[in-house]
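Structural features, examined
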Amino acid sequence: MSSPYETRGHSLVDFGPLAREYNRWYATLDGMKHDATQKADVLRILGRPCAPSRLLDVGCGTGHWSCFFASLGYIVTGMDLSTNMLEIACKTHGRSVDCCAGNANRLPFEDASFDVAAAMATLEFLADPAGALREMARCVRTGGHILIGTLNRAAPLNRRRLAEGKQPYASGHLLSPNALREMLQPIGPVRMAASDPDRVFGPERPDRSSWDPLDTSTEGPFIVAVVQR
Ligand SMILES: C[S@@+](CC[C@H](N)C(=O)[O-])C[C@H]1O[C@@H](n2cnc3c(N)ncnc32)[C@H](O)[C@@H]1O
C-alpha cells in the first residue's frame, strides 16, 4: 500500500519500523488487562451506537481499536499516516473497516461527514495535537462526539516509563487529565475516565461484581475522554 504522506514533521515517532511488533503487547497478560480496562472505559463513556453511526479512527495503526468500534456496530473508517501500520490494519480488518492513508492535521474528509471521530493512543504522538483536534471537530457533525484515548502523564506507570526514557513513550507528549480537559473543553462538555487495571483486576478488587461501573476515577494509565460537539 502506498501513502503520499511523510511521517517526518507530522508525527513525533515513526511507527513504521514498529508495525510488525505493535500487536504483541495486546497478547501479553498485562496487555490484555490494560486492553480490557480501556475498552470497558470506552463502553461506559461512549457506548454503542443507537442508529447507523459513522466513526473515523484517526491514527488507527494496525486497526486494533477500529475493529473494536466495528464490533460495537459503528461504520468505521481507519486512517493513518504510516503505510506499514495501515497495511496490517487492511490485511487484518479490511472486511469490517475501511482503511485509508491520511494526515490527522489535514483530514481528507468533508465537514460534518462523521458522527464520531476517535484518536486512540495517537494524540500524544502528533506534532500538532491542537490542530488535529480542530480537524476532528470539523469532520464531526454538530451533536456528534470526539473520543480521545491517551496515555496519562500523571499515572505512576507512565511516570516510570518517562523517567526511564522508555520508547515510544518518552518521545511522545503525554498529557495529564487536567491538561486534556483544558484542550477539549472549548469544543464542548467533556466526560472522562482512566480506570486502573490493577484495581479492576488486582487483589484489591478480587470480586468483579464489586467493580463500580460508574467509577470515573482518572488515576489509571490510559485516559478515555468524550466531548460532544
Ligand atoms: C501509538 S500508535 C496507536 C495506533 C492505534 N490507534 C492503537 O491504539 O492501536 C499511534 C499511531 O498514530 C499514527 N500517527 C502519528 N502521527 C499521525 C498523523 N499526523 N496523522 C495520522 N496518523 C498519525 C502513527 O502512524 C501510529 O499508527
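Everything discussed here concerns the structure shown above.
Basis of the calculations
Sequence positions are assigned chain by chain, starting from 1 and proceeding in written order. Local features in this predicted model are restricted to residues whose pLDDT is 70 or higher, and side-chain atom pairs enter the listing and the counts only when it is 80 or higher, whereas totals over whole chains, interfaces and linings include all residues. The helix count covers DSSP runs of H or I at least four residues long, the strand count covers runs of E at least two residues long, and both are numbered beginning at the N terminus. The span one expects for a helix is its residue count, reduced by one, times 1.5 Å. We call two residues in contact whenever the C-beta atoms placed from their backbones are within 7 Å. Only the C-beta atom matters for nearness: placed from the backbone, it must lie within 6 Å of the molecule or strand for the residue to count as near. Three classes are used, and their members are as follows: Ala, Val, Leu, Ile, Met, Phe, Trp, Tyr, Cys and Pro are nonpolar, Asp, Glu, Lys and Arg are charged, and the others, Gly among them, are polar. We define the nonpolar core as any set of buried residues of the types Ala, Val, Leu, Ile, Met, Phe, Trp, Tyr and Cys, connected via C-beta atoms lying within 7 Å of each other. Residues with at least 20 other C-beta atoms within 10 Å of their own are called buried, those with 12 or fewer are called exposed, and the rest are partly exposed. The C-beta atoms themselves are positioned from the backbone. At least two bridges found by DSSP between two strands are what make those strands a pair. Axes here refer to lines fitted to C-alpha atoms; in helices the fit is confined to the stretch in contact. Angles between the N-to-C directions go from 0 to 180 degrees.

1. A few points about helix α1 (residues 29–45)
Across its 17 residues, α1 extends 24 Å between first and last C-alpha, which sits within 8% of the 24 Å expected from 1.5 Å per residue. Residues of α1 that are buried make contact with β5 (140–151), β6 (190–193), α7 (197–201) and β7 (222–228). Backbone geometry just downstream of α1 places G47 in the positive-phi region, at approximately 80 degrees.

2. As for the site of the ligand
Around the ligand, the surrounding shell holds 21 residues, and the nearest of these are S11, G59, G61, S82 and A104. Class assignment of the residues belonging to the shell around the ligand gives a composition of 10 nonpolar, 10 polar and one charged.

3. Considerations on the nonpolar core
V58, A117, A118, M136 and A225 are the most contacted members of the largest nonpolar core, which totals 52 residues. For A225, the contacting residues outside a window of four places in its chain are I148, L180, L184, V190, R191 and M192.

4. Brief notes about the sheet that holds strand β1 (residues 54–58)
Ordered by their spatial adjacency, seven strands build an open sheet running β3-β2-β1-β4-β5-β7-β6, and the pairing between neighbours is mixed. Edge strands, defined here as strands with exactly one partner in the open sheet, are β3 (97–101) and β6. For this sheet the average axis-to-axis angle between neighbouring strands, irrespective of direction, equals 20 degrees. As paired elements, β6 and β7 share four bridges and run antiparallel to each other. Following the sheet pairing, A193 is matched in β7 by V224.

What is shown is where atoms sit, not what they do.
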